[in-house]
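# Residue-level structural notes
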Amino acid sequence: MNGGDEAAEAPPVPPQPLEWKFSQVFGERTAGEEVQEVDIISAIEFDRSGDHLATGDRGGRVVLFERTDTKDHGGSRRDLERMGYPISRHPEFRYKTEFQSHEPEFDYLKSLEIEEKINKIRWCQTTNGALFLLSTNDKTIKYWKVQEKKVKKISEMNVDPSKAIGNGSIASSSNSSIGKQYLANGGDKYDLPSNDFSIPPGGFPSLRLPVVTCDETSLMASCRRVYAHAHDYHINSISNNSDGETFISADDLRINLWNLEISNQSFNIVDVKPANMEDLTEVITSAEFHPGHCNTLAYSSSKGSIRLIDLRQSALCDSHAKLFEETEAPGSRSFFTEIIASISDIKFARDGRHILSRDYMTLKLWDINMDSGPVATFQVHEHLRPKLCDLYENDSIFDKFECCLSGDGLRVATGSYSNLFRVFGCNLESTEATTLEASKNPMRRQVQTPSRPSRSLSSITRVVRRAGAEGPGVDANGNSFDFSTKLLHLAWHPTENSIACAAANSLYMYYA
């Protein structure tokens, strides 16, 4: 120290709130256009590189999009900027292909209709230029391979174009003799009527096989594996393991471990089904593998808890390694307490250190090294608390909203009603709480002056609680919420500040 001459170290400056801009929309509805049920998007997922995006819908279709603004040069956007390549003003995607993943089925043993709706999509490792992904409906998981295949076409025939007949002109053979004329049927010097066809002595000297070439390519989707008959209840999650060989599937009561190459057997690793179903108190709502540790996975429950399990402990992981749950405030229990505490989605941060969870009212960020409580809580639907009775009556209280984290872990996002979604800053000093609308003008509903978060110091860590500035039951503009339009599904690009979200049958993309 120099006698206090040195200036005191300044506190770290939190990242500035992002300014979100509209990028693209696919499947935009015209005013008054009725949305078909089968066209409503039910799943969104970026691949690991961020160069491909997949969506699934209630009609059982999977649609793939590919990035175009870096395709000419290759490499990530950040690398291209570092090398001085001109970059377009925002990430751009284009339609790549689509295929029918699932069809409606009927379980004759249980007299149960099985919807074709896609519940989840997960990308697998790319091999030899082919794309691989898993898709699931309520009962069946499928492993798809999408690759370019060459289209075979006949380019040369044994026909003189001047005498060709039929549909269009056909190129003459490159082996034809100069000055020699051939008939359309390949004959030489013989005029053979079609009603009295015969082979001349010695055959046709000019007859040759057609030449097949492969000048064009076409994208083909082929189903490589079908993983079926392993779940008695509806599948709510699938998740790839970082080992690239296995994945899990979860329903209300069980989690199964699969090998990608083996479709006729799986291993049950979690079973919460009691001996007597009347004793059932909670169900599994979501499950996710750790992004880096192949032995670790987390699953959430309808009671608002998250369990971290270690596959090395035992074959059946009914006992958890860690339990994350928030203690209930005394005197706050009501009829709706357990319903709104149910976690609808969990996501690991890219570094594997944090878990983001979404319940009906809030987003919570958990540190896997600290099981005393969440390190941050973001209020999403607190303004709807007075309306819980109405939400229960119209079943909106059971809506399952997804959540996502930015690749750098600095921000989180989730959806809401009236096709709104919210972005929060995770930094303890950040006041970022942005509300946007899934439309071509996302900032129309932005809260310009979000309420300042209140902080409390617990015995272990500071807890951040942040809410938007909406009043009870209204959005940022004072309009009543439309509970029929809800933004359930969204995904954050793995390396850039770009979000894809689904509003009914439309896919909106934004960048910052």
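Scroll up to find the structure this text is about.
Residues numbered from 1 in each chain as written. Predicted model: local features only at pLDDT ≥ 70, side-chain atom pairs only at ≥ 80, totals over all residues. Heavy atoms only, no water.

Bringing the nonpolar core into the picture now. Counting residues in each nonpolar core, the largest one holds 16 residues, and the members touching the most others are W20, F421, V423, L490, I499 and C501. Within the residue set of this core, elements represented by two or more residues are β26 (420-425), β30 (490-492), β31 (498-503) and β32 (506-511). A per-element tally of this core places β31 first, with three residues. Formed by 15 residues, the second largest nonpolar core is a distinct cluster that contains L363, M370, C403 and A433. (Core = buried A, V, L, I, M, F, W, Y, C linked by side-chain atoms within 4.5 Å. Buried < 20%, exposed > 50% of the residue type's maximum accessible area, 1.4 Å probe, protein only. Helix = DSSP H or I, 4+ residues; strand = E, 2+ residues; numbered from the N terminus.)

Along strand β17 (residues 296-301), six of the six residues are buried, which leaves the element largely enclosed by surrounding structure. In this structure, strand β16 (residues 284-289) lies alongside β17, joined through five bridges in antiparallel fashion. Bridge assignment links A287 to a residue of β17, and that residue is Y299. As consecutive antiparallel partners, β16 and β17 are separated by six residues. Note: β17 against strand β18 (residues 306-310), five bridges, orientation antiparallel. Its bridge partner being in β18, L297 is matched across the sheet by I309. Linkage of β17 to β18, two consecutive antiparallel strands, is achieved through a turn of four residues, within which G304 is found at a positive phi near 90°. (Pairing = 2+ DSSP bridges.)

Once that is clear, we can look at the packing of aromatic side chains. Counted according to the given criterion, the structure contains 22 aromatic pairs. For the ring pair F335 and F336, a centre distance of 5.2 Å and an interplane angle of 80° mean the geometry is edge-to-face. On the accessibility criterion, F335 (57% relative accessible area) is exposed. Between the aromatic rings of F336 and Y392, the centroid separation amounts to 5.9 Å while the plane-to-plane angle is 65°, which identifies the pairing as edge-to-face. Of this pair, F336 sits in the loop between β19 (322-324) and α2 (337-341) while Y392 sits in helix α3 (residues 388-393); the two residues are 56 residues apart in sequence, bridging distant segments of the chain. (Phe/Tyr/Trp six-rings, centres within 6.5 Å; stacked < 30°, edge-to-face > 60°.)

We now examine the side chain of T140. Among the secondary structure elements, T140 is positioned in the loop between β9 (131-136) and β10 (141-156). On the accessibility criterion, T140 (8% relative accessible area) is buried. With near-sequence residues (within four places) excluded, T140 lies in contact with H102, E105, S135, V226, Y227, A228 and I235. (Contact = heavy atoms within 4.5 Å.)

Glancing now at the side chain of R254. Position of R254 relative to the elements: it lies in strand β14 (residues 254-259). Given a relative accessible area of 19%, R254 falls into the buried group. In terms of polar contacts, R254 uses its side chain to reach the side chain of D271, at 3.2 Å. Not counting the four nearest positions on each side in its chain, R254 is found in contact with H231, D232, Y233, S249, N268, V270, D271, K273 and I284. (Polar contact = N/O pair within 3.5 Å; in protein donor to acceptor, adjacent residues only side chain to side chain.)

Our next topic: the pairing of strand β2 (residues 41-46). The buried fraction of β2 is high, at six of six residues. Across five bridges, β2 lies against strand β3 (residues 52-57) in antiparallel orientation. Looking at the pairing, A43 lines up with G56 of β3. Connecting β2 to the antiparallel partner β3 that follows it, the hairpin turn spans five residues, and G50 within it adopts a positive phi of roughly 85°.

Another point: the state of the cysteines. Inspection of every chain in the model, using the stated rule, returns zero disulfides. The cysteine C403 is free of any disulfide, with C404 supplying the nearest cysteine sulfur at 7.1 Å. Residue classification places C403 among the buried positions, given a relative accessible area of 0%. (Disulfide = S-S within 2.5 Å.)

Glancing now at the sheet that holds β32. Each strand in a sheet pairs with another by means of backbone hydrogen bonds, the pair being arranged parallel or else antiparallel. If you trace the four strands from one edge of the open sheet to the other, you get β1-β32-β31-β30, paired in antiparallel fashion. A single partner strand is all that each edge strand has here, and the edge strands are β1 (21-26) and β30. Taking the axes of each pair of neighbouring strands and ignoring which way they run, one obtains an average angle of 20° across the sheet. Looking at chain direction, β1 and β32 are connected through five bridges and run antiparallel. (Axes fitted to C-alpha atoms, helices over the stretch in contact; angles between N-to-C directions.)

As a further point, take the pattern of salt bridges. Within this structure, the stated rule accounts for 24 salt bridges. Salt-bridge contacts for K486 lead to D399; the nearest nitrogen and oxygen are separated by 3.0 Å. Of this pair, K486 sits in the loop between β29 (462-467) and β30 while D399 sits in the loop between α3 and β24 (403-405), placing them 87 residues apart in sequence. Judged by relative accessible area, K486 falls into the partly exposed class, the value being 24%. Residues participating in the shared-partner salt-bridge network are K110, D232, R254 and D271. (Salt bridge = Lys/Arg side-chain N within 4 Å of Asp/Glu carboxyl O.)

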